[in-house]
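What follows is the residue order along each chain.
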Amino acid sequence: MWLGLSTGCATGMEDLGLEPAPNTFGPGGTGTGGGEVGSETAYGSGAETESEGVPTGGDEGLDGSDDGDPPDDMPAQSVCGDGLVTGLEQCDEGAANSPSGDCTTQCTLAYCGDTFVHATEECDDGNNIDTDACRSDCTAAACGDGVVHEGVELCDDGNLVDGDGCTSDCTLASCGDGVVQAPEECDDGNGSNADDCLNTCVPASCGDGWVQAPEECDDGNGSDSDACLTSCEQARCGDGHVYEGVEECDGGGDPTVYSCSETCEDQLVWYQWTFFGGQLPNPMACADFTTWRSVLADDHTSITLAGTADPGGRTCTGPAATQLCNALRLGQSTMVNCDGHQWRVGNNCVGTMEVTVDGTDCECFYPGYALRPCMPSSEWGGVATHTCGGPNQEIYIECGFD
């Protein structure tokens, strides 16, 4: 049996053009094949049958050493991308594995937070932070999503509506952002105070301290006695307001009114008329007296009542004179003691205005000082004479400045 096996092997080797190995196990044997196991091992056959007492295969050679093949019970090595789900793989779609697919290039099932941007995701930064560029639900941070993107947004109220404290570009509402939000009255988005909306977000107006067209000036105060009036016009002679330190007076409107000169300097405001004993006053005497009263200033500091019989007459100065002249100007009644005399101004003498010194209201006395040019009788007054039915005379009254 051994001979037949050896011959077969030798013959087979010869057929391949190979010389059989010499028999090293026989003493001096140089046969053409030998029947020893060593001869079979030298050719690497190893394919003996179990009936011949030689193992039929396995993981070890005849000498018990490892031949390099894996054991039959060891699983095959996992290879991601081979299309087979093996080992620790969660999935394997072969060439279809993709960072944006359901199965990643690492053979794991896609999920938000795996750092792979799936087709259904806008981003994936692999963390659970909601305030960076990629939110925890794998959507890209955007103004209006309700989450403040740190370092990029100042606010985010979940909408793109202006006027609610957080603007449509996720910046905090502020004066100058161009959006009117309470308590702002306007917002033109610039820092100019020369237009219709100031940089404080209130509408421009005369008196705000900023010059707007067509204003001439704006000093931001409520004074009409300085260089800029409250109407935002430059002070000038004839505007009706006394420019302190520059004008002495200002009649306003018509500069020919004799209560103040054309150059806004003080001058006397006087009335003079000739009356005749026993006769009614000339109607023009009353009309001129009324005109005189209307042009009086409000700051006179002296008043004098004089006439033919007493050219020096009676004079009052200071605040009391201002009070008397204002009562005449306004058609009111008043009484003051001034410079040792009692002065009265009233509108209760038959409904007409009168001025008396050291006398009573609408009474006749002698010698007296009184002027009633609108009296509908001959009791028009007198100076240092009878004040009812007195002799012919001129009566003079002035309001001036001491």
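The preceding data block contains the structure.
The present account deals with the structure reproduced in this document. Just so it is clear, the model here is predicted, and its values are computed rather than measured.

## Brief notes about the sheet that holds strand β7 (residues 368–371)
Stage number 1. Ordered by their spatial adjacency, five strands build an open sheet running β4-β5-β6-β7-β8, and the pairing between neighbours is antiparallel. Taken across any chain shown, the strands that pair with only one partner, and hence form the sheet edges, are β4 (334–338) and β8 (381–385). On average, each strand axis in the sheet is tilted by 20 degrees relative to the strand beside it, whichever way the strands run.
Stage number 2. Each of β4, β5 (341–349) and β6 (352–357) touches helix α4 (residues 319–330); the most contacted strand, β4, lies at about 155 degrees to it.

## A closer look at the environment of Y243
Stage number 1. Within the fold, Y243 resides in the loop between α2 (37–43) and β1 (269–275).
Stage number 2. For Y243 and A227, which are 16 residues apart along the polypeptide, the C-alpha to C-alpha distance reads 6.8 Å.
Stage number 3. Once residues lying within four places of it in the same chain are set aside, the contact partners of Y243 are S225, D226, A227 and A235.

## Re the sheet that holds β1
Stage number 1. Strand order in the open sheet formed by four strands is β1-β9-β2-β3, and the pairing between neighbours is antiparallel. Of all strands in the sheet, those with a lone pairing partner are β1 and β3 (310–317), marking the two edges. Across the sheet, the mean angle from the axis of one strand to that of its neighbour is 10 degrees, orientation sign disregarded.
Stage number 2. Of the strand pairs in this sheet, β1 and strand β9 (residues 393–400) are connected by seven bridges, and their pairing is antiparallel.

## Some points on α4
Stage number 1. A rise of 1.5 Å per residue sets the reference length of α4, with its twelve residues, at 16 Å; its end C-alpha atoms lie 16 Å apart and thus fit the reference within 8%.
Stage number 2. Residues of α4 that are buried: A320, A321, T322, L324, C325, N326, A327 and L328.

## A few points about a negative patch on the surface
Stage number 1. Where like charges cluster on the molecular surface, the negative patch consists of D157, D162, D164 and D169.
Stage number 2. Secondary-structure assignment places D169 in the loop between α2 and β1.
Stage number 3. Residue classification places D169 among the exposed positions, given a relative accessible area of 52%.

## Describing the pairing of β9
Stage number 1. β9 sits mainly inside the fold: six of its eight residues count as buried.
Stage number 2. Note that strand β2 (residues 302–307) and β9 share six bridges and pair antiparallel. Considered in β9, the bridge of A306 is made with Y396.

Calculation notes
- Residues numbered from 1 in each chain as written.
- Predicted model: local features only at pLDDT ≥ 70, side-chain atom pairs only at ≥ 80, totals over all residues.
- Heavy atoms only, no water.
- Pairing = 2+ DSSP bridges.
- Helix = DSSP H or I, 4+ residues; strand = E, 2+ residues; numbered from the N terminus.
- Axes fitted to C-alpha atoms, helices over the stretch in contact; angles between N-to-C directions.
- Contact = heavy atoms within 4.5 Å.
- Expected span 1.5 Å × (residues − 1).
- Buried < 20%, exposed > 50% of the residue type's maximum accessible area, 1.4 Å probe, protein only.
- Patch = residues over 30% accessible without salt bridge, like charges linked within 9 Å, V, L, I, M, F, W, Y side chains within 5 Å.
- Areas by Shrake-Rupley, 256 points an atom, 1.4 Å probe, with all protein chains shown as cover.
- Salt bridge = Lys/Arg side-chain N within 4 Å of Asp/Glu carboxyl O.
- Lys, Arg positive; Asp, Glu negative; His and termini not counted.
- Charge placed at Lys NZ, Arg CZ, Asp CG, Glu CD.

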